[in-house]
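Coordinate inspection notes
In case you want the letters, here they are:
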Amino acid sequence: MASSIPEMLRAECKCEDMAKCILGLKELDINTYKTLLENGPMTAEKLGELLGRERSTAYRSLQNLISAGLVYRETKSISIGGYYYEYVAIEPTVVKGMIKKTIDQWYQKMNDLIENFDKELMA
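Note that this is a predicted model, so its numbers are computed, not measured.

The next point concerns the pattern of salt bridges. Overall, the coordinates contain 2 salt bridges when judged by the stated rule. Salt-bridge contacts for K20 lead to E27; the nearest nitrogen and oxygen are separated by 2.6 Å. Note that K76 is salt-bridged to E74, the shortest N-O span being 3.6 Å. Since its relative accessible area comes to 28%, E74 is described here as partly exposed.

Below, the structure is given as C-alpha cells:
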C-alpha cells in the first residue's frame, strides 16, 4: 500500500484498502467482517472454521473489529444452562458513515494544521 498521500492519489485503491487504512484493520479483519456479513451471526469457533484459521486467531480478529465498531457480540443462553457468544457484523451502510465521519475529522484536523503552518514554521 502507498505510504504517502501523493502515492495514494496515483495508486489503484480498492474499498478494502481504504477501510484498512482509515479503520486500522488488517486483511484478516476485512475477511472476517465479510464472512460475518455473508453468513450471519456466529461463534468464534464457527468463524475460525469458515476462515480456515484457529479459533484464537478468529477471536483476535473479532476483537479488532469490535474495537473498530464494525462488530458486536450477543450473549446467547443454552437451555441446559450456560451461555455462549455470537458475533454480529454491523451493516455496510453504517460502516460507510463511520468512514466518512473519520475522514471528515481527519480533514478538519489537517486543515487546522495548515492554517497554523506558517506560524509554526517561524516559531
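Bringing the environment of L65 into the picture now. Tracing the sequence through the fold places L65 in helix α5 (residues 55-68). Take L65: its relative accessible area is 0%, and that puts it in the buried class. For the pair formed by L65 and Y85, sequence separation is 20 residues and the distance between their alpha carbons is 15 Å. With residues near it in sequence (within four places) discarded, L65 still touches L25, D29, T32, Y33, L70 and V71.

Each pair of aromatic rings is reported with the distance of its centres and the angle of its planes. Going through the model one piece at a time under the given rule, you end up with 1 aromatic pair. Ring plane angle 70° and centroid distance 5.6 Å describe the contact between Y83 and Y85, whose orientation is recorded as edge-to-face. For Y85, a relative accessible area of 26% translates into the label partly exposed. The aromatic ring of Y85 is capped on one face by R73, whose charged end is 3.7 Å from the ring centroid.

The nonpolar side chains of a soluble globular protein tend to be buried with one another. Counting residues in hydrophobic clusters, the biggest one holds 22 residues, and the most contacted among them are L36 and L70. Once you skip the residues sitting within four places of it in the chain, L70 turns out to touch L23, L25, Y33, L65, V88, A89, I90, V95 and M98.

What counts, and where the lines are drawn
- Residues numbered from 1 in each chain as written.
- Predicted model: local features only at pLDDT ≥ 70, side-chain atom pairs only at ≥ 80, totals over all residues.
- Heavy atoms only, no water.
- Salt bridge = Lys/Arg side-chain N within 4 Å of Asp/Glu carboxyl O.
- Buried < 20%, exposed > 50% of the residue type's maximum accessible area, 1.4 Å probe, protein only.
- Helix = DSSP H or I, 4+ residues; strand = E, 2+ residues; numbered from the N terminus.
- Contact = heavy atoms within 4.5 Å.
- Phe/Tyr/Trp six-rings, centres within 6.5 Å; stacked < 30°, edge-to-face > 60°.
- Lys NZ or Arg CZ within 6 Å of the ring centre and 35° of its normal.
- Core = buried A, V, L, I, M, F, W, Y, C linked by side-chain atoms within 4.5 Å.

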